[in-house]
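Close look at the chain arrangement
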Amino acid sequence: MIEFLMVCNKTGAIRVVRDYSFKPVPEPRNLLNQCLRRNNHNQCSFFMKKADDNSDEQLIIFRQYASLYFIIGTSPKDNPMSYFAFIHNLVETLNAYFNNVCELDLMQNVDRAHMILDEMVVNGFITESNRSRVLAPIAVLDKSIGIKKT
């Protein structure tokens, strides 16, 4: 189960965040620093992190696309490779909607990014991975309010 999903840039500024559990979300700058240290040393893109309240461990999975870091916190029992595939699918879906997504797109259209994420993940469980099914309700909404996508 996904406990949190965070998209931030290299300086630690959060662009999209979604919390699916009652556990506290780790401080983004500390989490990003750990991800950057692992990325610079050619280590794997997931690691165990002790929660801030010292109650449980979390499996942190991250992936970098251009200047954005996609970071997911899950329970330690989950398979990290499935979440790598999910992150890639999420980025492809965002690319399909925004025509090559960038940080500025997420800043200006954070509501659309949350809608795409909400179509894909419900209560921390991945429910939809088909790109056309994820984007169909958002296209209907865009059409109803007069937004034309090129």
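Relevant structure appears above.
Residues numbered from 1 in each chain as written. Predicted model: local features only at pLDDT ≥ 70, side-chain atom pairs only at ≥ 80, totals over all residues. Heavy atoms only, no water.

**Re unusual backbone geometry**
Unusually for a residue other than glycine, Ala66 sits at a positive phi of about 55 degrees. Here Ala66 shows up in the loop between β4 (57-65) and β5 (68-74). By relative accessible area, Ala66 is classed as exposed at 73%. Of note in the backbone geometry, Asn100 takes a positive phi value of approximately 70 degrees without being a glycine. Here Asn100 lies in the loop between α2 (80-98) and α3 (103-108). For Asn100, a relative accessible area of 59% translates into the label exposed. (Helix = DSSP H or I, 4+ residues; strand = E, 2+ residues; numbered from the N terminus. Buried < 20%, exposed > 50% of the residue type's maximum accessible area, 1.4 Å probe, protein only.)

**Focus: helix α5 (residues 131-145)**
Here α5 is 15 residues long and its end C-alpha atoms lie 22 Å apart, about the 21 Å a rise of 1.5 Å per residue gives. Along its length, α5 reaches its greatest deviation from straightness, about 25 degrees, at Pro137. Turning to α5, its buried residues are Val134, Leu135, Ile138 and Asp142. Gly146 sits one or two positions beyond α5 and adopts a positive phi of about 90 degrees. (Expected span 1.5 Å × (residues − 1). Bend = angle between axes of the 7 residues up to and from the residue.)

**Structural notes on the pattern of salt bridges**
A side chain of one charge can pair with a side chain of the opposite charge when the charged atoms of the two come close. Scanning the model with the defined rule gives 5 salt bridges in all. The residue Arg131 makes a salt bridge to Glu92 at a minimum N-O spacing of 3.1 Å. With a gap of 39 residues between them, Arg131 in helix α5 and Glu92 in helix α2 connect regions that are remote in the sequence. Residue classification places Glu92 among the partly exposed residues on the basis of a relative accessible area of 30%. Between Arg112 and Asp111 there is a salt bridge, with its nearest N and O atoms 3.7 Å apart. In this structure Asp111 comes out as partly exposed when scored by relative accessible area, which is 41%. Among the ionic contacts, a cluster of salt bridges with common partners joins Asp111, Arg112 and Asp142. (Salt bridge = Lys/Arg side-chain N within 4 Å of Asp/Glu carboxyl O.)

**Structural notes on the nonpolar core**
Within the largest apolar cluster, 30 residues are counted, with the highest numbers of intra-cluster contacts made by Phe70, Phe86, Leu90, Leu94, Leu106, Ile116 and Leu117. Broken down by secondary-structure element, the contributors of at least two residues to this core are β1 (2-9), β4, β5, α2, α4 (110-120) and α5. Per-element accounting of this core gives the leading share, 9 residues, to α2. Not counting chain neighbours up to four residues away, the residues in contact with Leu94 comprise Phe70, Asn99, Val101, Leu106, Ala113 and Ile116. Cys8, Leu31, Phe47 and Tyr69 belong to the second-largest nonpolar core, a separate cluster that totals 11 residues. (Core = buried A, V, L, I, M, F, W, Y, C linked by side-chain atoms within 4.5 Å. Contact = heavy atoms within 4.5 Å.)

**Brief notes about the packing of α2 against α5**
Between α2 and α5, the shortest axis-to-axis distance is 10 Å and the interhelical angle comes to 35 degrees. Between α2 and α5 lies a crossing of right-handed hand. Contacts between α2 and α5 involve Glu92, Thr93, Ala96 and Tyr97 from the first element and Arg131, Val134, Leu135, Ile138 and Asp142 from the second. (Axes fitted to C-alpha atoms, helices over the stretch in contact; angles between N-to-C directions. Left-handed = near helix turned anticlockwise from the far one by under 90°.)

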